[in-house]
Amino acid sequence: MSDSPPQQPSHSPRNRPGSGQGHGQGHGSEGAQGSPGPAAPESTTLLLAGARLTDGRTVDVRLGGGRIQAVGTAGSLPAATGARVDLTGYLLLPAPAEPHSHGDTALTADTEGPVSYSPDEVQRRATEAALLQLGHGATAVRSHVRIGDVHGLGPLEAVLQARRSLRGLTDLTTVAVPRLLTGVAGADGLAMLRDAVKMGASVIGGCPDLDPDPTGFLEAVLELASEHGCPVDLHTDGDDPARLSRLAAMAGGLRPGVSIGPCGGLSRLPLDVATRAADQLAAAGVGVTCLPQGDCAALERRGLRTAPVRLLRAAGVRVAAGSGALRDAGNPVGRGDPLEAAYLLASQGGLRATEAYHSVAGAARDAMGLPEVRVEAGFPAELLAVRGDRIASVLSLAYSRIVIHRGRVVARTSAVREYCDSAVAVALDLPRQGRMEPGP
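Residues numbered from 1 in each chain as written. Predicted model: local features only at pLDDT ≥ 70, side-chain atom pairs only at ≥ 80, totals over all residues. Heavy atoms only, no water.

Novice: Explanation requested: the packing of helix α8 (residues 338-347) against helix α9 (residues 353-360) in the structure shown.
Specialist: The geometry of a pair of packed helices is captured by two quantities: the angle between their axes and the separation between those axes. It is the contact of α8 with α9, at a shortest axis distance of 8 Å, that shows an interaxial angle of 140 degrees. Of the possible angle classes, the one that applies to α8 and α9 is oblique. Considering the relative orientation of α8 and α9, their crossing is right-handed. Contacts between α8 and α9 pair Pro338, Leu339, Ala341, Ala342, Leu345 and Ala346 from the former with Ala353, Ala356, Tyr357, Ser359 and Val360 from the latter. Partitioned by chemical class, the residues of the contact of α8 with α9 number ten nonpolar, one polar and no charged. (Axes fitted to C-alpha atoms, helices over the stretch in contact; angles between N-to-C directions. Helix = DSSP H or I, 4+ residues; strand = E, 2+ residues; numbered from the N terminus. Parallel < 35°, antiparallel > 145°, perpendicular 65-115°, else oblique. Left-handed = near helix turned anticlockwise from the far one by under 90°. Contact = heavy atoms within 4.5 Å. Nonpolar A, V, L, I, M, F, W, Y, C, P; charged D, E, K, R; others polar.)

Now the structure itself:
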């Protein structure tokens, strides 16, 4: 199926939105600085009826106030005065989050001539990219935005404006990504990075590999992060074990935490060297965000290999999975689909389907400092319903999706597959996507 331009879902009487209260967020969560206030909660509730859970139960789930109010056996929860969505045939899951995107460069692969970085163009691209990712199921997106050079802080301001315009639909947060932080040129980069944090960038990033003094770059980033209480999220290929060892030693204990990625270079190291590096990262509490769909444009392309996720997990490293490039120079056909990232981890990375999905959901939310989500009463109503009966089938044929953010339906994708002269398919009761009658 080809992607169509993202559209905001219509709020018909049949599917009136539920509550839109935001998460409580502190320094350890995305958007702690420069963020608009949470959307005001709505008075209605939303009942998700007949949803299947990963443990095999079929349940009703009532949402209200941005949270899951109750979970009961199918038919046990009254709809009260709120809206009702029939999830018969759908698997209900905690929604994915996107820990590694590039909203400022997204959707530029087919651009003829130089890419425009005018504020309006960057805002448009960042908004469209976030909505595409929302349609795939990601209700929170972390966007790495380059600062400095001739564009200064303009792209960052544009992505922050996109964030404000998307309030209530998805949570978009920004990582300020300077190029150089050492030497004469680095002095300007460091000053601009400080301004970026004051402007509203909630995470400090960058690529130490590209600085003439990688250790000095790390020192500058970690000092500024400690000063402002910001998370750190760095680009690195991870092919230099000595550099990883220094990073682990310097970053250990920093709160609210440090993530690095995509770390494809770890897969090219000898097994014993990679294992030692993984142990050091785990001991320091440094997480890794891998990119199963390919590298992003922020790194020199050194071979498209995914980080060794099984080795890292075995060492105790938190491994999240992101999408990276979304149809830009880094990956002209990037889809920005977290379920595709999970599929690749399951089909090629050696993870079980449940582990792969956790990498794009629970682990990704943890990497972004977001609260845990379970389909249980009291947890945030950040949910994804996908047509299917188990996670493995969802990763294989994840066409029809219903996305819930802050307790209301914010995106739908419906697919119907039909076969010409399909009497045999009907007689055999073969599975198919979609239904003849209108969907929920």
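Novice: Explain the pairing of strand β7 (residues 140-146) to me, please; I cannot follow it from the model alone.
Specialist: Consecutive side chains of a regular strand alternate in pointing toward one face of the sheet and then the other. Within β7, six of the seven residues are buried, which leaves the element mostly enclosed by the surrounding structure. Where strand β6 (residues 98-101) meets β7, two bridges bridge the pair, whose relative direction is parallel. Its bridge partner lying in β7, Ser101 is registered against Ser143. In this fold, the crossover linking β6 to β7 by way of helix α1 (residues 119-136) has right-handed handedness. When β7 meets strand β8 (residues 171-177), the two strands line up parallel, connected through seven bridges. Across the sheet, residue Arg142 finds its bridge partner in β8, namely Thr173. The parallel pair β7 and β8, bridged by helix α2 (residues 154-165), forms a crossover whose chirality is right-handed. (Buried < 20%, exposed > 50% of the residue type's maximum accessible area, 1.4 Å probe, protein only. Pairing = 2+ DSSP bridges. Right-handed = clockwise from strand over helix to strand, strands pointing away.)

Novice: It is not clear to me how the pairing of strand β9 (residues 203-206) should be interpreted in this structure. Could you clarify?
Specialist: Alternating residues of β9 divide into Val203 and Gly205 and Ile204 and Gly206, and every residue in both groups is buried. With two bridges connecting them, β8 and β9 associate as parallel partners. The residue of β9 that forms the bridge with Ala176 is Ile204. The β-α-β motif built from β8, the intervening helix α3 (residues 183-199) and the parallel element β9 has right-handed crossover chirality. Strand direction decides the pairing type here: β9 and strand β10 (residues 232-236), joined by three bridges, are parallel. When the bridges of β10 are listed, Gly206 appears paired with Leu234. Traced from β9 through helix α4 (residues 214-228) to β10, the parallel crossover comes out right-handed.

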